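Inside the fold
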Amino acid sequence: CAERDRETLIEASIALGFLTGDESPVLMDAHAEAGFQVGRPFAADGVYDFGAERDMTRRVAGLGKVMLKHRLTPPPREAYSLHRKLSGAFLACMRIGARVPARDMLRGMYE
């Protein structure tokens, strides 16, 4: 998501059970864009200013409406608690105006 690689995001989403591969283009576009929006903190070099990016929830919510309307399969059950935790962390960071080196933190955990 942080690299904005649509093809890889769609392939991984199918492999993980978020998509079937038979979705309409409008759903695929909304799904990819939602992933890119959530990946924004991890795409930013240096620190990501959550306080300056308060419109993320509005953008993702709009995409969520499209996904609910066109989705062929529900997300994997395991994803619900992860989504809630990530959403809560993002909202808390926005509320306090956190500036976080999210990309570096993710890379540190990945390596």
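Structure's up top.
Summarised in this report is the structure supplied together with it. (Residues numbered from 1 in each chain as written. Predicted model: local features only at pLDDT ≥ 70, side-chain atom pairs only at ≥ 80, totals over all residues. Heavy atoms only, no water.)

Okay, the environment of Leu19 next. Relative to the assigned elements, Leu19 resides in the loop between helix 1 (6-15) and helix 2 (25-43). Among the residues examined, Leu19 registers a relative accessible area of 3% and is labelled buried. Between the C-alpha atom of Leu19 and that of His31, which follows or precedes it by 12 residues, the distance is 8.9 Å. Excluding residues within four positions of it along the chain, Leu19 makes contact with Ile10, Ser13, Ile14, Leu27, Met28, His31, Arg71 and Thr73. (Helix = DSSP H or I, 4+ residues; strand = E, 2+ residues; numbered from the N terminus. Buried < 20%, exposed > 50% of the residue type's maximum accessible area, 1.4 Å probe, protein only. Contact = heavy atoms within 4.5 Å.)

On to the pattern of salt bridges. Overall, the coordinates contain six salt bridges when judged by the stated rule. The salt bridge involving Asp29 is made with Arg6; its shortest N-O contact spans 2.7 Å. Note that Asp29 is positioned in helix 2 and Arg6 in helix 1, a separation of 23 residues in sequence. For Arg6, a relative accessible area of 37% gives the class partly exposed. Taken together, the salt bridges that share partners define one network made up of Asp55, Arg58 and Arg59. (Salt bridge = Lys/Arg side-chain N within 4 Å of Asp/Glu carboxyl O.)

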